[in-house]
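# Close look at the chain arrangement
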Amino acid sequence: RQMCIRDRFIIDVFYKVINMNTEERKMLLKQLGLSIKLARVRKELSQEELAELAGLHRTYIGMVERAERNITVINLVQIAKALDISLDKLFDNSL
C-alpha cells in the first residue's frame, strides 16, 4: 500500500515530538489545545457539545484546551472528526 499524505504527516509529527524536550512538548500541547478551542468556537459548539460529538467527557475537552491533559492520538482523531477538521489543520500552528 502506498503511503498517503495523511500517513506521512502523522509520521512526521511523531518524529518531531520524539525529538522535543519537555518545554517544547508543553508548548505543543498548549498550541494544540488552542487550535481545538478555536475550531470549536468557529463551529459555535460548547465544550459539552464537542464532547458529546467526540464521545468524550466535557471536563476532558476543557483540560485538553487548557493543555492540562496529554491527549491520546485516538482522542485527537475523535475530536478532529467531531470538528470536521483534518489533523494537519489542528497542528498548523503547533509545529
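What you are looking at is a predicted structure, and each value in this text was computed from that prediction instead of being measured.

Time to look at helix α5 (residues 73-83). Listing the buried residues of α5 in full gives N75, L76, I79, A80, A82 and L83. An end-on view of α5 places all buried positions within 160° of arc, on one side of the element. Exposed side chains of α5 directed beyond 90 degrees from the buried face belong to I74 and K81. Contacts from the buried residues of α5 go to α2 (22-42), α3 (47-54), α4 (58-65) and α6 (87-91). A positive backbone phi angle near 55° is found at D84, which sits one or two residues after α5.

Within α3, the full set of buried residues consists of L50, A51 and A54. Take α3 and look down its axis: the buried residues cluster within an arc of 100°, on one side only. Turned more than 90 degrees off the buried face of α3, the exposed positions are E48, E52 and L53. Where α3 is buried, its residues touch α2, α4 and α5.

It is worth spelling out the nonpolar core at this point. Counting 23 residues, the largest nonpolar core has L32, I36, L50, I71, L76, I79 and L83 as its most contacted members. Every element with two or more residues in this core is listed here: α2, α3, α4, α5 and α6. The greatest single-element share of this core, amounting to five residues, is contributed by α5. Once you skip the residues sitting within four places of it in the chain, I71 turns out to touch L29, L32, I36, Y60, V64, L76 and I79.

Rules used throughout
- Residues numbered from 1 in each chain as written.
- Predicted model: local features only at pLDDT ≥ 70, side-chain atom pairs only at ≥ 80, totals over all residues.
- Heavy atoms only, no water.
- Buried < 20%, exposed > 50% of the residue type's maximum accessible area, 1.4 Å probe, protein only.
- Helix = DSSP H or I, 4+ residues; strand = E, 2+ residues; numbered from the N terminus.
- Arc of directions from axis to C-beta.
- Contact = heavy atoms within 4.5 Å.
- Core = buried A, V, L, I, M, F, W, Y, C linked by side-chain atoms within 4.5 Å.

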